[in-house]
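# Structural description and commentary
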Amino acid sequence: MRAAKSKGFGSISWTNPRLRSLVYQLLAIGGTVAIISFFVLTARANLERQHIASGFAFLDHTAGFGVIQALIPYTEESSYGRVFLVGLFNTLLVAVIGTVFAVALGFVIGVARLSNNWLIAKLAAVYVEVFRNIPLLLQLFFWYFVILRPLPGPRESIKLLPDVFLSNRGIVMPAFGSTQATLAFVLVTLATIIGVIIMRRWARKRFLATGQTFPDGRLSLALLVALPLGAALIFGAPFSLTPPVMGPFNFVGGWHLLPEFVALTFGLTVYTASFIAEIVRSGIQSVSKGQTEAAYAIGLNPSQTLRFVIIPQALRVIVPPLTSQVLNLTKNSSLAVAIAYPDLVAVFAGTVLNQTGQAIEVIAITMAVYLVISLATSYAMNVYNARVAIVER
Amino acid sequence: MQSVKWLRKNLFSDVWNSALTLFALWVIYISVPPLLDWAIFKAVWEGNGNTCREITSGACWPFVKANLGQFIYGRYPESELWRVNLTFVLGVAGLIPMLMPSAPAKKWNLIYLVVAYPLIAIVLLAGDRPGLVGVDTSLWGGLLVTLVVAVTGIVVSLPLGILLALGRRSDMPAIRMLSIAFIEFWRGVPLVTVLFMASVMLPLFLPEGVSFDNLLRCLIGVALFSSAYMAEVVRGGLQAIPRGQYEAARAVGMSYWQTMGLIILPQALRHVIPGIVNTFIGLFKDTTLVLIVGIFDLLGQVRAQLSDPNWAVPEGATTGYVFAALVFWVFCFGMSRYSVFMERRLNTDHRN
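Since we're looking at a predicted model, the values are computed, not measured. (Residues numbered from 1 in each chain as written. Chains lettered and ligands numbered in written order. Predicted model: local features only at pLDDT ≥ 70, side-chain atom pairs only at ≥ 80, totals over all residues.)

### Re the overall build of chain A
Along its length, chain A carries 12 helices and eight strands. Dimensions along the principal axes, computed over C-alpha positions, put chain A at roughly 75 × 70 × 45 Å. With 393 residues in all, chain A has 28% of them scored as buried. Taking all contacts inside chain A whose residues are at least 6 apart in sequence as the whole, residues at least 24 apart take part in 64%. (Helix = DSSP H or I, 4+ residues; strand = E, 2+ residues; numbered from the N terminus. Buried ≥ 20, exposed ≤ 12 C-beta atoms within 10 Å, placed from the backbone. Contact = placed C-beta atoms within 7 Å.)

Below, the structure is given as structure tokens:
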């Protein structure tokens, strides 16, 4: 049918579907172009009238304000472009740490909801229903203004772990530092990981070819523990820990985590984990009982059943929505602006926008960052989906 | 005997299970009694700010009682409150039969909720018509604003989302690309940046002399944002309709819009009612973000009342946030239960 249609254009009449579709599409494109150019022209006129500069030259101008947390060298003399990078890294820091904790907590709660223990299952259900039905912003306010800020000062701080203290200045913990053995340790660890991967490939190949099994799981675990440990014993401690020491007003030395950072990461973790728990639960439940029974029937033991039958099938259901939760966490980290954690939105779309007045450029850059993160993740997701998709006959 | 059996099976079947039970009991022990003490037994129930300054062992409920009006209506003029109440009542009256699957006249009910009710609500709330005094939106606040933002979001996003979803599945490449670009753009950016855009960037795009007030600008942002999410929900429903339905409709000579309006969409939308409710729950929670651009929703109003020196009491902030959390929780939990109920109903309809 298509081939026949594409030969000629057909009659010039409204009953010709090809002509109709062409007209609709031209109208849609024309309308979009008209709206966009109307906005661009009005914006240009408005900017001229209000004497607002345009263009991206402001990125080289001196910022002149301080940022309470910067992962890269930053001073008040740094440029707005530098501020952008500081904010971006702060956003990524919260996103990465929040994701790690949220996924871990979400898996624990999700598995707990399916526990045979009635009490544990109910507790997990209460956790999920409480935290996913309260707005994240409200939870952040609660952790920050109600829990963290009224805590005692550094002198009376609460000891969470040896050398880890919680006070109204956030969390103080020992600082990790490198020693002369660090390089050797990292190299040995990397070499071990590569060796283990090669060994497992070989073991799998041999298994598929000959059916002979090889204790690759236990062996690789042993190697991964023994070799780095051996390296540490030979070359000395790979990392140095500098514990914080109480100074006259505050702790000196160690790593300081800002209360804003602690509240934001904690809030994002607790909130997102409640969604991840539901995803994990439904993923595990989606694997039918017959799969387990079939695996036992062909002689797999429980741990093999879990590894080769249940987890791969559950992951196929879990991973796509899990990715979108990770993206949500990243986007939700922009709520940082409400509790003054210096993330991308707070320092760039907030302070820089106020100082320069270049709303269009600043908002466009900020949105572009999140868009790039989202689109890159969806692309990776599509690749993953294509790889794990069930190959149907 | 039954209960002992139940305990042994569910809580103490082996060592590991017993350990888990003990752990759970410990968690309950350290969390529930202090919570009950704080919220009920050691809380202040009667009095004023001074009482709360003296007794700091528990919640300061007089703070909520004294400010309940602000939490619900914001600074809406007291003599005009009947208009807000009437709007609430009209909304609930339209919503209850809509939510009951057995109630008749779903079509007219939907038209009332999506077309007539919003118009009535705008006239009643904003006024500025003969016989009604205009009430500036800067006076609106509290739960009123929360509901206005959420309801506007859903009312606009439903039709817009349907159009976008149809566009994304269209045969026309230009329409498809435009829909995909629109949907992916709004889904890719955080709502905070959308609100920033609406409040600082949008005025630059409007001709001189044309200006919307801040609330309306945010409503536009929220509506566009949620229609992208709604589009993806509806698209899921469209994908679930078998090809045969399209082909059968075309075979009996229906046009595109007849096929969609009479055959495909009624089935697809029924399938995605739980998804629509879930989107609405997300939207309802997200309304709190408008406080970042200076609009007082329920949470913003609670924060505003906290800065009142009369209520500068130790437990004030905790009480206020817990109260707001409770209100949001009741709304969201209720909706999620409804969504589960519909999901079960829809499943049994098709499988049995």
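### A word on the pairing of strand 2 (residues 164-167) of chain A
Residue and element names in this part refer to chain A. For strand 1 (residues 158-161) and strand 2, the ladder comprises three bridges, and the chain directions are antiparallel. Its bridge partner being in strand 2, L161 is matched across the sheet by V164. Where strand 1 folds back on strand 2, the antiparallel hairpin that results is connected by two residues, among which D163 adopts a positive phi of roughly 70 degrees. Here strand 2 runs beside strand 3 (residues 170-173); their pairing, made up of three bridges, is antiparallel. Paired with F165 across the bridge in strand 3 is V172. Hairpin connection of strand 2 to strand 3: two residues between the antiparallel strands. (Pairing = 2+ DSSP bridges.)

### Remarks on the interface of chain A and chain B
The partner chain B presents 42 residues to the 46 residues of chain A that form the contact. Top contributing element to the side of chain A that touches chain B by residue count: helix 2 (residues 17-49) of chain A, with 11 residues. When the residues that make up the side of chain A that touches chain B are grouped by side-chain class, the tally is 31 nonpolar, 13 polar and two charged. (Nonpolar A, V, L, I, M, F, W, Y, C, P; charged D, E, K, R; others polar.)

### Section: the nonpolar core
A:L138, A:L140, B:L144 and B:L195 are the most contacted members of the largest nonpolar core, which totals 137 residues. At 14 residues, the largest contribution of residues to this core is made by helix 7 (residues 142-168) of chain B. (Core = buried A, V, L, I, M, F, W, Y, C linked by C-beta atoms within 7 Å.)

### What to know about the sheet that holds strand 2 of chain A
Residues and elements named next belong to chain A. The strand order across the open sheet formed by four strands is 1-2-3-8, and the pairing between neighbours is antiparallel. The open sheet has two edge strands with one neighbour each: strand 1 and strand 8 (255-257). Neighbour-to-neighbour, the strand axes of this sheet turn through a mean angle of 25 degrees, independent of strand direction. Lying on the sheet, helix 8 (residues 259-286) is in contact with strand 3 and strand 8; it crosses strand 3 at an angle near 100 degrees. (Axes fitted to C-alpha atoms, helices over the stretch in contact; angles between N-to-C directions.)

### With respect to the domain arrangement of chain A
Looking at chain A, the domain boundaries give domain 1 (80-174 + 243-388) and domain 2 (178-242). On a C-alpha basis, the centres of domain 1 of chain A and domain 2 of chain A stand 29 Å from each other. (Domains from an automatic or database assignment.)

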